[in-house]
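# Structure assessment
Listed here are the chains, written in short residue letters.
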Amino acid sequence: MFSVTKVCFYASLLQAAFAATAEEWKSRSIYQIITDRYALPQGADPNACNPADQTWCGGTWNTIRENLDYIQNAGFTAIWISPVSQNYDGPRTAYGDAYHGYWIADTTQLNARFGTADDLKALSDEVHKRGMFLMVDVVVNNVMSTSLTPDWSQFMFKDQAHYHTYCPVDYSNITSEQFCWLGDTKVPLPDVDTELPDVISGYQSWIADLVQTYNIDGLRIDAAKHVPASFWPKFCGAAGVYCIGEVDDGNVEFAASYQGPQALDAILHYPMYNALVDAFAIPGAQNMSALVDMIAQTQLKFPEPGVLGNFLENQDVPRWSNISVDVQTLWNAMVFNFMSDGIPIVYYGQEQGFHGNADPFNREPLWPSNYANSSTYQLIGKLNGLRNYLINSTDSFVNSSMQVLSSTGNGISFMKGPVITVLTNIGSPPQNVTVPVYTPYAGNLITTDILTCTQHVVGSNGTLAVQYSLGGVPTVLVPQSVLQGSGICGQADDTVSAGQGQLAATSSALSILGNPAMVVVTLAVLAFGLVFGA
């Protein structure tokens with residue numbers, strides 16, 4: 001892992017801590033944690049956590065705080081933790097216990113399984129001390145019960161009139177999705193009537209207090225599409241921080257309706273997730289055009305693509321390695337999420353190659369990995385390192401929109417700021433594939449692939465050949481002048497002039513852009529192999 005002027009970078013982050021806006025979150029990268037599964041306290045049995053058991057394994061806010069180095073050393077600048085509210089803690093249900101944090105009892109109380117108020121404050125303090133942001137998951141749409149006639153007094157809203165009458169959800173009807181109960185008759189999730197004035201004001205008071213008390217920088221909102229969009233502006237306004245919602249819907253137009261002043265700051269970009277699976281997964285459709293089309297639709301229909309959440313895994317979808325057998329597909333898709341528009345989000349264990357299927361098997365404990373410096377962990381460090389450096393030195397990356405340069409059935413190239421990214425879905429086995437890449441760079445430009453630290457020079461005729469002799473690996477090309485002073489790929493680490501100096505370097509790099517030139521990226525796979533190892 002290379003140095004990225006960390007002292008100056010994290011000092012700049014400290015200035016933005018607390019009550020962070022969407023604009024401030026745009027420059028972050030997020031590591032998502034299931035609190036119960038990230039780290040164990042001293043003396044706990046490391047072999048006692050089987051995801052199939054669907055019960056608590058012992059992770060807490062304190063164990064996250066004690067193990068933040070692992071996250072920060074990979075270059076992440078924010079963490080997202082499980083809901084902190086009190087959960088059901090009664091007899092085991094048909095689906096196990098509430099280890100995940102989403103089975104809400106009294107919203108206003110903390111989850112004692114995860115720690116005390118002082119523990120949560122200590123975690124928040126340590127996160128901010130490191131110049132990082134804290135995102136907390138919240139559940140507003142519903143509470144949890146073990147029957148259709150619960151004891152309403154156990155919840156924040158204690159009158160049955162605060163809830164919609166029970167009905168099973170018809171997932172083909174948005175009204176049903178917003179007014180009927182999620183879950184099933186074994187574990188029903190009573191639906192809170194978020195159109196009632198006292199519910200609206202109650203939730204606003206609660207979230208304002210939670211954010212202020214624990215210095216929370218952002219909220220991830222569970223089941224956001226199951227609440228009428230009109231509820232969110234005042235709720236998030238009361239919170240005063242960035243709000244990103246779960247809108248699990250493949251319809252781009254519908255998903256986009258949840259971003260903007262009429263709804264939320266952003267959503268988790270499920271439509272793009274689906275396109276990445278279609279484009280890269282092996283076995284799979286290998287439909288690169290689906291990804292190109294989704295980029296265009298995103299730029300057309302979302303008000304601000306730069307603050308959407310990019311992900312490949314979370315607690316609700318299978319691990320990438322469960323749906324794709326080739327690690328190169330993970331790396332290519334992951335590079336897309338870091339180098340394209342949006343905020344990159346990595347689900348804990350993704351960096352260790354976890355391969356669990358859907359819930360509960362995608363909620364493995366992290367500690368059996370021994371927090372290894374794995375190949376994917378190293379790749380993430382390089383991607384975060386470049387992204388953090390570019391963000392700290394110039395606004396031409398994070399505030400620019402990506403531009404697709406070319407695409408074929410086997411590859412895509414795009415540009416964001418001064419960076420050209422070339423990705424392929426061929427995987428590891430040998431193939432001879434050529435992806436033509438048209439760039440705005442003039443000839444003789446020296447670029448560096450920051451993943452391999454190899455140099456590529458644009459020829460006088462405007463062509464550049466990048467050969468993949470070890471498999472279909474991703475390529476991230478940056479003009480060498482942009483990297484000066486970065487500590488990346490042998491460049492000097494300029495920890496003194498990390499502001500204006502890098503702005504000047506980037507300006508100089510961009511000034512050499514000339515007429516469109518063609519960069520030919522030849523994926524000539526001469527031998528089987530992986531750049532980063534197994």
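Overview of the structure. Note that this is a predicted model, so its numbers are computed, not measured.

### Structural notes on helix α9 (residues 232-239)
Turning to α9, its buried residues are Trp232, Phe235, Cys236 and Ala239. For α9, the angular spread of the buried residues around the axis is 90°, confining them to a single face. Of the exposed residues in α9, those oriented more than 90 degrees away from the buried face are Lys234 and Gly237. One or two residues past the end of α9 sits Gly240, with phi positive at roughly 75°.

### Details of the pairing of strand β11 (residues 403-407)
Bridge count for β11 against strand β12 (residues 411-416) is four bridges, and the pairing is antiparallel. If you follow Gln403 over to β12, its bridge partner there is Met415.

### Points about the layout of surface pockets
What the largest pocket holds in volume is close to 770 Å³. For the largest pocket, the lining is made up of 25 residues, of which Leu189, Asp222, Asp316, Asp359 and Arg363 are closest to its centre. In terms of residue class, the lining of the largest pocket is built from eleven nonpolar, six polar and eight charged.

### Some remarks on the pattern of salt bridges
Applying the stated criterion across every chain, the model contains 17 salt bridges. The shortest N-O distance in the salt bridge between Asp36 and Arg37 comes to 2.8 Å. Like Arg37, Asp36 is buried. For Arg220, the salt bridge identified is with Glu246, shortest N-O distance 3.5 Å.

### Thoughts on the nonpolar core
In this structure, Ile79, Leu219, Phe235 and Leu291 are the most contacted members of the largest nonpolar core, which totals 129 residues. No other element matches helix α14 (residues 327-339), which puts eight residues into this core. The residues contacting Phe235, other than those within four sequence positions of it, are Val140, Tyr203, Gln204, Trp206, Ile207, Leu219 and Ile221. If you look at the next biggest cluster of nonpolar residues, it comprises 13 residues, including Met415, Ile420, Ile426 and Leu464.

### What about the state of the cysteines?
Summed over the entire model, instances satisfying the criterion amount to four disulfides. At a sulfur-sulfur separation of 2.4 Å, the disulfide partner of Cys236 is Cys243. The chirality of the disulfide connecting Cys236 with Cys243 is left-handed, given an S-S dihedral of about -125°. Accessibility classification places Cys236 together with Cys243 in one group, the buried group. Each sulfur in the disulfide pair Cys453 and Cys489 lies 2.1 Å from the other. What sets the handedness of the Cys453 and Cys489 disulfide is the S-S torsion sign, and at about -80° it is left-handed. With a gap of 36 residues between them, Cys453 in the loop between β15 (446-449) and β16 (454-457) and Cys489 in the loop between α16 (480-483) and α17 (500-511) connect regions that are remote in the sequence. Overall, Cys489 belongs to the partly exposed group, its relative accessible area being 23%. The disulfide pattern of the protein is 1-2, 3-4, 5-6, 7-8 when the bonded cysteines are numbered in sequence order.

### Remarks on helix α12 (residues 288-301)
With 14 residues, α12 extends 20 Å from end C-alpha to end C-alpha; this agrees with the ideal 20 Å at 1.5 Å per step. Looking only at α12, the buried set comprises Met288, Ala290, Leu291, Met294, Ile295 and Thr298. The buried residues of α12 all sit within an arc of 150° when viewed along its axis, so they share a single face. Residues of α12 that are buried in the fold lie against α10 (252-256), α11 (270-280), α14, β11 and β12.

Rules used in this analysis
- Residues numbered from 1 in each chain as written.
- Predicted model: local features only at pLDDT ≥ 70, side-chain atom pairs only at ≥ 80, totals over all residues.
- Heavy atoms only, no water.
- Buried < 20%, exposed > 50% of the residue type's maximum accessible area, 1.4 Å probe, protein only.
- Helix = DSSP H or I, 4+ residues; strand = E, 2+ residues; numbered from the N terminus.
- Arc of directions from axis to C-beta.
- Pairing = 2+ DSSP bridges.
- 1 Å grid on protein atoms, 1.4 Å probe; cavity = no way out; pocket = protein on both sides within 12 Å on 5 of 7 lines; lining within 4 Å.
- Points joined across faces, edges and corners; volume = space filled by probe spheres on them.
- Nonpolar A, V, L, I, M, F, W, Y, C, P; charged D, E, K, R; others polar.
- Salt bridge = Lys/Arg side-chain N within 4 Å of Asp/Glu carboxyl O.
- Core = buried A, V, L, I, M, F, W, Y, C linked by side-chain atoms within 4.5 Å.
- Contact = heavy atoms within 4.5 Å.
- Disulfide = S-S within 2.5 Å.
- Expected span 1.5 Å × (residues − 1).

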